[in-house]
Amino acid sequence: MFDKFQSRLNLKGKVETQTAIRVGAGRSTAVVGSDLPVVRDAAGAPYIPGSSFKGVLRSYIESILRSFTKDINVVCNPTNNDEQCIKREKLKKLRDKRDDNKWNDDKYTAKLLSKTCWVCQLFGSLWYASKLQIRDLYVEEDQWFGQYQHRDGVAIDRDTETSVTGHLYDFEVVPAGTPFEFQAIVDNAKDWQLGMLYLGISAFEKGDLTIGGASSRGLGVIKLSLNAADYINRKKIMEYLTEDYTGEKANWDAWVQAFKDKVKTQLEEIDAQTDG
Ligand SMILES: [Zn+2]
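## Comments concerning the overall build of the chain
(1) Moving on: Secondary structure summary: the chain contains seven helices and nine strands in total.
(2) Moving on: The proportion of buried residues among the 276 residues of the chain is 25%.
(3) Moving on: Nonlocal contacts in the chain, meaning residues at least 24 apart in sequence, comprise 71% of its contacts between residues at least 6 apart.

Structure (structure tokens):
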């Protein structure tokens, strides 16, 4: 990645469970069975996969964007080819054009990005690498003594989606007050993308988002506190790589403003199109 290094934002902090949470090992809470475990690391302690955290962050940001536009060039649905910002057929066409016209990487990337929605530009897609990496969140070592808890679930018949009377099962949860270490890196993001990311980060800081299963039962509330948000720009890359330089403080206000400006421009464009 350093061949085209523009910037890096390092985020570090702590995630603490506000309620019990249940990040299941693969299966949903509606599965008929007993003793559904949570995901564990090699030492048997619970952890939150970085991909789970990222998924919640992405969905939240998608929902904010959808609240003001249905334009799939702003926010698409990555799970459905027909609702993706670049559909498979379009991607193939672009690749053919690249080969026919001998576009270099920069030109091809610029073409791709002009069609890639805001969310895919930050979180990645099949054709574009994510700028955001979230490490798996491991429980703070000296705070874990195996204090798993169990909750009763009502077994659901998967065909009728009704409860099967008398069939209870246990599911495992991690109790409230459990601290996990949080670490994320954002490489080469534009200011407006960092501002967009901040909306999600601040929702986690307020404890507004849930992770894992059984959120309808009040489970899954977590709260993020950042201890460090350090930004390294291109000019400081050598200091970052060779010295103790850790970066300058994140300039969230400016980044959020850049995002607001981007939204404003987009809305004006939409207005202009409707008027025209
Ligand atoms: Zn997209």
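## Remarks on the environment of valine 139
(1) Moving on: With respect to the element layout, valine 139 can be found in the loop between β4 (137–138) and β5 (149–156).
(2) Moving on: Once the C-alpha coordinates of valine 139 and proline 179 are considered, the two residues, 40 residues apart in sequence, prove to be 5.8 Å apart.
(3) Moving on: Among residues more than four places away in sequence, those in contact with valine 139 are Ala45, Pro46, Tyr47, Trp144, Thr178, Pro179 and Phe180.

## Remarks on the packing of helix α1 (residues 50–66) against helix α5 (residues 191–206)
(1) Moving on: In the contact formed by α1 and α5, the axes pass within 9 Å of each other and the chain directions differ by 115 degrees. Between α1 and α5 lies a crossing whose hand is right-handed. Only Met196, Leu199, Gly200 and Ala203 of α5 make contact with α1, whose side of the interface consists of Leu57, Tyr60, Ile61 and Ile64.
(2) Moving on: Per-class residue counts for the contact of α1 with α5 are seven nonpolar, one polar and no charged.

## Focus on the pairing of strand β7 (residues 179–187)
(1) Moving on: A one-sided burial pattern is seen for β7, the buried positions being Phe180, Phe182, Ala184 and Val186 and the unburied ones Pro179, Glu181, Gln183, Ile185 and Asp187.
(2) Moving on: Sheet analysis places strand β1 (residues 7–17) next to β7, joined by nine bridges and oriented antiparallel. Its bridge partner being in β7, lysine 14 is matched across the sheet by glutamate 181.
(3) Moving on: Bridge count for strand β3 (residues 132–134) against β7 is three bridges, and the pairing is antiparallel. Pairing of glutamine 133 across the sheet is with isoleucine 185, part of β7.

## Section: the pairing of strand β8 (residues 222–233)
(1) Moving on: Both β1 and β8 contribute to a ladder of eleven bridges, which runs antiparallel. In the strand pairing of β8, leucine 11 is matched with alanine 229.
(2) Moving on: Pairing of β8 with strand β9 (residues 248–249), which is carried by two bridges, proceeds in the antiparallel orientation. Within the sheet, the bridge partner assigned to tyrosine 231 lies in β9 and is glutamate 248.

## Let's talk about α5
(1) Moving on: Under the 1.5 Å per step criterion, the end-to-end length of α5 is 22 Å for 16 residues, consistent within 8% with the ideal 22 Å.
(2) Moving on: Turning to α5, its buried residues are Trp192, Gln193, Leu194, Gly195, Met196, Leu197, Gly200, Ile201 and Phe204.

## Comments concerning the environment of arginine 135
(1) Moving on: Tracing the sequence through the fold places arginine 135 in the loop between β3 and β4.
(2) Moving on: In contact with arginine 135, not counting residues within four places along its chain, are Gly50, Gln183 and Ala184.

## Concerning the sheet that holds β8
(1) Moving on: Pairing in this open sheet of five strands is antiparallel, and the strands run β3-β7-β1-β8-β9 from one edge to the other. Each having just a single partner strand, β3 and β9 make up the two edges of the open sheet.
(2) Moving on: Against the sheet, α5 touches β1, β3, β7 and β8, its axis set at about 150 degrees to β8.

## Thoughts on the confidence of the model for the chain
(1) Moving on: Chain-level statistics for the chain give a pLDDT mean of 89 and a share of 89% at 70 or above.
(2) Moving on: Taken together, the stretch residues 28–34 has pLDDT below 50 and engages in 16 contacts with residues farther than four places along the chain or on a different chain.

## Quick look at unusual backbone geometry
(1) Moving on: Positive phi values are uncommon outside glycine, yet asparagine 188 reaches one of about 60 degrees.
(2) Moving on: Within the secondary structure layout, asparagine 188 lies in the loop between β7 and α5.
(3) Moving on: Asparagine 188 sits in the partly exposed class, given 15 other C-beta atoms within 10 Å.
(4) Moving on: Residues other than glycine seldom take positive phi values, yet alanine 214 does so here, at roughly 60 degrees.
(5) Moving on: Of note, alanine 214 is situated in the loop between α5 and β8.
(6) Moving on: Judged by local crowding, alanine 214 falls into the buried class, with 21 C-beta atoms found within 10 Å.

## Structural notes on the environment of isoleucine 211
(1) Moving on: Here isoleucine 211 lies in the loop between α5 and β8.
(2) Moving on: A residue is classified by how many C-beta atoms lie within 10 Å of it, and isoleucine 211, with 23 of them, is buried.
(3) Moving on: Residues isoleucine 211 and serine 52, spaced 159 residues apart in sequence, show a C-alpha to C-alpha distance of 7.3 Å.
(4) Moving on: Ignoring sequence-local partners within four residues, the contact set of isoleucine 211 consists of Ile21, Val23, Ile48, Ser52, Phe53, Val56, Gly220 and Ile222.

About the criteria used
- Residues numbered from 1 in each chain as written.
- Predicted model: local features only at pLDDT ≥ 70, side-chain atom pairs only at ≥ 80, totals over all residues.
- Helix = DSSP H or I, 4+ residues; strand = E, 2+ residues; numbered from the N terminus.
- Buried ≥ 20, exposed ≤ 12 C-beta atoms within 10 Å, placed from the backbone.
- Contact = placed C-beta atoms within 7 Å.
- Axes fitted to C-alpha atoms, helices over the stretch in contact; angles between N-to-C directions.
- Left-handed = near helix turned anticlockwise from the far one by under 90°.
- Nonpolar A, V, L, I, M, F, W, Y, C, P; charged D, E, K, R; others polar.
- Pairing = 2+ DSSP bridges.
- Expected span 1.5 Å × (residues − 1).
- pLDDT = per-residue confidence, 0-100.

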